[in-house]
Amino acid sequence: MTSTIYSVTLWGIDAFPVQIEVDVTSGLPQMILVGLPDQAVKESKERVRAAIKNSGFPFPSKKIIINLAPADMKKEGPCFDLPIAIGILASLGHIHSEKIRDYAFLGELALDGRLRKTKGIIPAMLGVRETHRQLIAPLENEAEAGVLSDAPLLLAKNLSEVVRFLNEGAPLKSPTTARKDSEAVSSILYPFDFQEVKGQRQAKRALEVAVSGAHNILMVGPPGSGKSMLARRLPGILPDLSQEEILEIMKIHSAVDSLVAERRPINRRPFRSPHHTISPAGLAGGGTFPKPGEITLAHHGVLFLDELSEFRKDALEVLRAPMEDGKLVISRARASIAFPARFMLVTAMNPCKCGFLGDTRRACRCSLSQILAYRAKISGPLLDRIDLHIEVPAVKFKELTETRPAENSEAIRLRIQRARDIQKERFKAEKIITNSEMGEKEIKKHCHPSPAALKLLETALEELGLSARAYSRILKVGRTLADLSESEKILEEHLAEAIQYRLLDRQSG
Ligand SMILES: Nc1ncnc2c1ncn2[C@@H]1O[C@H](COP(=O)(O)OP(=O)(O)O)[C@@H](O)[C@H]1O
Ligand SMILES: [Mg+2]
Ligand SMILES: [Zn+2]
C-alpha cells in the first residue's frame, strides 16, 4: 500500500513543501530512500526502524520504498524521521485516518521513539501555513515556536503520541502555553551597562547618535581606551523591535540553530561580533544547503567588527553590497538565494600598527609608510559607508577614579527610542525606517538646515576640504542630531557636531 505524507524542507531561511511517498510491498526486506537525500536523511532509515519497533509496532519484513518529492530538490537533515515513520505506519495500516492529509510532519526521532529538537521550526511553520495545513513537530521546540502568535502548530513528545492523535484524536499540545515562557526570557536584563564606563563622554554621545539614526560608526583609539568595552554595551541601548522584526530575526536564527533561537531573548536586537579571522563565507553565509552568515545573523541589530584592520580584505569586501541594499545575494547554479542583511556596522581599530599614534602617554613607533599601509587596509568604499568616525582617547586617570556614577543605559535608551519614533513617523509613507537609510531624494525632502547651519557647512567643506560624499553623511547625521533634540529644522549646532564626527576626513583633508 502507498501513502503520501506532507512535510517541508529548508532552503536558506525558507521552507518549501515536500511530499514523502511510502510504498510497502512484498519482496526482499529492505528500505530504499530516493529523491536527493543527504547523508543525515539516509541515516533516517536506521532511526525510523528502531523508533517504530520501540513504540510497540511490529516492523515488517517487506520492501519499503521512500520517495522524497520533488526529486530535483536536495533534502537535508534528520527532520524527515517523523514523516517517514508516519508514512510507513500508514502504509502498514497502523494509521487509518483521513486526517493525515491535513497535517505536515517534521522532527528527528530518537531510537526510543522520542521526538528530538529540530532546527528550522519557525521557517517550517511559515511554510506550512501557506499550504493551509497544521504542522506537527517536537515538543522540545515549544519555546522557540511560541513567537508566532497564530502558529499552525501541534507539539508531540514522541511517535506514539502522534499515532494516538491521528487514530483516536488524543489531544496534542498547542504552543499557546509556550508564549508565557518566552516573555519571561525577554525580561532578563542585559548584564553590561554604560554606567560602568568611566569618562568617555564624547564616545558615549557618538554611540548614542549612531544608534539613534542606525548610522555606521568607526572608533579609533589606542589599546585599552575602552573601545571594546563601549561596543559590548550597545545591546542595552538598542531600540525596541516591532512584531514583524522579531519574527524575521527568529526565522533566521531558527534556520541556523533551534537552540540559539530558543535561548536568544525575544525582544532584543542581535549583536554579533565575529572574530577577525572570519572567512568571507563565514560573514556572507553559503554552503551546499545555504546557511546565513554573520551578516544575516546581525539583521535588525549590530554587526561589531573589533580590530577592523586585522580582518581579511576579502572578508570586508563582502560587506559592501549588503550595506548598500540591506540584503545579501548568494549565487547558485540553479537558483540564487537572498538573505536579509540590514544591520548597523560598528567597528573599532587602533590609530596605527603600534597603537599609540596621537597618544599623549606613549610615543608612536611607526614610520609614516607603516601608518599609511595600516590605514590602507580599510578600503575607501567601506569607509565611505561609515557615517561617524570618532577618536576614543585613553581615559584620564582622574576620570578612572571618578566615583560619581555615570548615566545608565536605560536613560540613554529612552532618548534613542524617542528619536527612533520621530523617524518612524517621518518615514511612514516611505520604504525606509531610519535616517541612515536616506538616499539623495530623502535627504532633499527631509534635511533642511537653517541658513546659519548651511553657511557653517559651506565653510567646513572648503576649509577642511571635505568631499561631496562627506556632505550628505553630515546632513544625515545632522538630521539625527536634530531628532535627538526634537527640532524640526537642522540647526548650526547640529551640523557643527556632525562635522566633528568626520575624524578621518579631517585628517586626510
Ligand atoms: N572608560 C573606562 N572606564 C572603566 N574601565 C575602562 C575604561 N576604559 C578601559 N577600561 C578597562 O580597560 C579594559 C580594556 O578596555 P578595552 O575595552 O578592551 O579597550 P580597547 O578595546 O580600546 O583596547 C576594560 O575591560 C576595562 O576594564
Ligand atoms: Mg579592544
Ligand atoms: Zn604607531
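Remember, it's a predicted structure, so these values are computed and weren't measured experimentally. (Residues numbered from 1 in each chain as written. Chains lettered and ligands numbered in written order. Predicted model: local features only at pLDDT ≥ 70, side-chain atom pairs only at ≥ 80, totals over all residues. Heavy atoms only, no water.)

Engineer: Any chance you could break down the overall build of the protein for me, citing the residues and the numbers?
Structural biologist: Summing up its helical and strand segments, the protein has 24 helices and 18 strands in all. The burial tally for the protein puts 54% of its 509 residues in the buried class. Sequence separation of 24 or more characterises 73% of the internal contacts of the protein that already satisfy a separation of 6 or more. As displayed, the protein offers around 23,200 Å² of accessible surface, 52% of which is attributable to carbon and sulfur atoms. Considering the protein, the positive charge centre built from 72 side chains and the negative charge centre built from 63 side chains are found 3 Å apart. (Helix = DSSP H or I, 4+ residues; strand = E, 2+ residues; numbered from the N terminus. Buried < 20%, exposed > 50% of the residue type's maximum accessible area, 1.4 Å probe, protein only. Contact = heavy atoms within 4.5 Å. Areas by Shrake-Rupley, 256 points an atom, 1.4 Å probe, with all protein chains shown as cover. Lys, Arg positive; Asp, Glu negative; His and termini not counted. Charge placed at Lys NZ, Arg CZ, Asp CG, Glu CD.)

Engineer: Give a detailed account of the site of ligand 1, specifying residues and quantitative values.
Structural biologist: By nearness alone, 14 residues border ligand 1, and Lys198, Gly224, Lys227, Ser228 and Met229 come closest of all. In this structure, an oxygen atom belonging to ligand 1 sits 2.7 Å away from a main-chain N or O atom of Gly224. Here an oxygen atom of ligand 1 and a backbone polar atom of Gly226 are 3.0 Å apart. Considering every element that reaches the shell around ligand 1, the biggest residue donor is helix 9 (residues 227–232), with 3 residues. (Near = heavy atom within 4 Å. Polar contact = N/O pair within 3.5 Å; in protein donor to acceptor, adjacent residues only side chain to side chain.)

Engineer: Now, about the coordination of the zinc ion (ligand 3): what can you tell me, with residues and values included?
Structural biologist: Within the protein, Cys352 (SG), Cys354 (SG), Cys364 (SG) and Cys366 (SG) serve as the donor atoms for the zinc ion (ligand 3), at 2.2 to 2.4 Å. Each donor residue of the zinc ion (ligand 3) belongs to the same chain, with the gaps between them written as C-x1-C-x9-C-x1-C. Taken together, the positions of Cys352 in the loop between strand 17 (344–349) and helix 16 (368–376) and Cys364 in the loop between strand 17 and helix 16 put the pair 12 residues apart, joining distant regions of the chain. Under the relative-accessibility criterion, Cys364 is labelled partly exposed at 25%. (Donors = N, O, S within 2.8 Å, 3.2 Å for Na, K, Ca; no water.)

Engineer: Summarise helix 22 (residues 468–484); cite the residues concerned and give the values.
Structural biologist: Here helix 22 contains 17 residues, and its C-alpha end-to-end distance of 25 Å stays within 8% of the 24 Å for a straight helix at 1.5 Å per residue. Among the 17 residues of helix 22, 14 are classified as buried, and the element is accordingly described as predominantly covered. Downstream of helix 22 by a residue or two, Glu486 has a phi angle that is positive, lying close to 50°. (Expected span 1.5 Å × (residues − 1).)

Engineer: I'd love a proper account of the environment of Lys327, names of residues and values included.
Structural biologist: Here Lys327 lies in strand 15 (residues 327–330). Sequence-wise, Lys327 and Ile295 are 32 residues apart; in three dimensions their C-alpha atoms are separated by 9.1 Å. Among residues more than four places away in sequence, those in contact with Lys327 are Ala321, Pro322, Ala338, Phe339, Pro340 and Ala341.

Engineer: Go over the packing of helix 8 (residues 201–213) against helix 19 (residues 409–426), please, and point to the residues and values.
Structural biologist: The geometry of helix 8 relative to helix 19 is characterised by a closest axis approach of 8 Å and an angle of 35° between their N-to-C directions. Along this stretch, helix 8 crosses helix 19, giving a crossing that reads as right-handed. Facing Glu208, Val211, Ser212 and Gly213 of helix 8, the residues of helix 19 in contact are Ile412, Arg415, Ile416, Ala419, Arg420 and Gln423. Across the contact of helix 8 with helix 19, the residue classes break down as 4 nonpolar, 3 polar and 3 charged. (Axes fitted to C-alpha atoms, helices over the stretch in contact; angles between N-to-C directions. Left-handed = near helix turned anticlockwise from the far one by under 90°. Nonpolar A, V, L, I, M, F, W, Y, C, P; charged D, E, K, R; others polar.)

Engineer: I'd like to hear about the pairing of strand 10 (residues 217–220), residue by residue, with values.
Structural biologist: A regular strand carries its side chains on alternate faces of the sheet. Burial of strand 10 is two-sided: the residues Ile217 and Met219 facing one way and the residues Leu218 and Val220 facing the other way are all buried. Two elements, strand 10 and strand 17, share 4 bridges in a ladder whose sense is parallel. When the sheet's bridge partners are listed, Met219 is paired in strand 17 with Ala348. Here strand 10 runs beside strand 18 (residues 388–391); their pairing, made up of 4 bridges, is parallel. Paired with Ile217 across the two strands is Leu388, which belongs to strand 18. (Pairing = 2+ DSSP bridges.)

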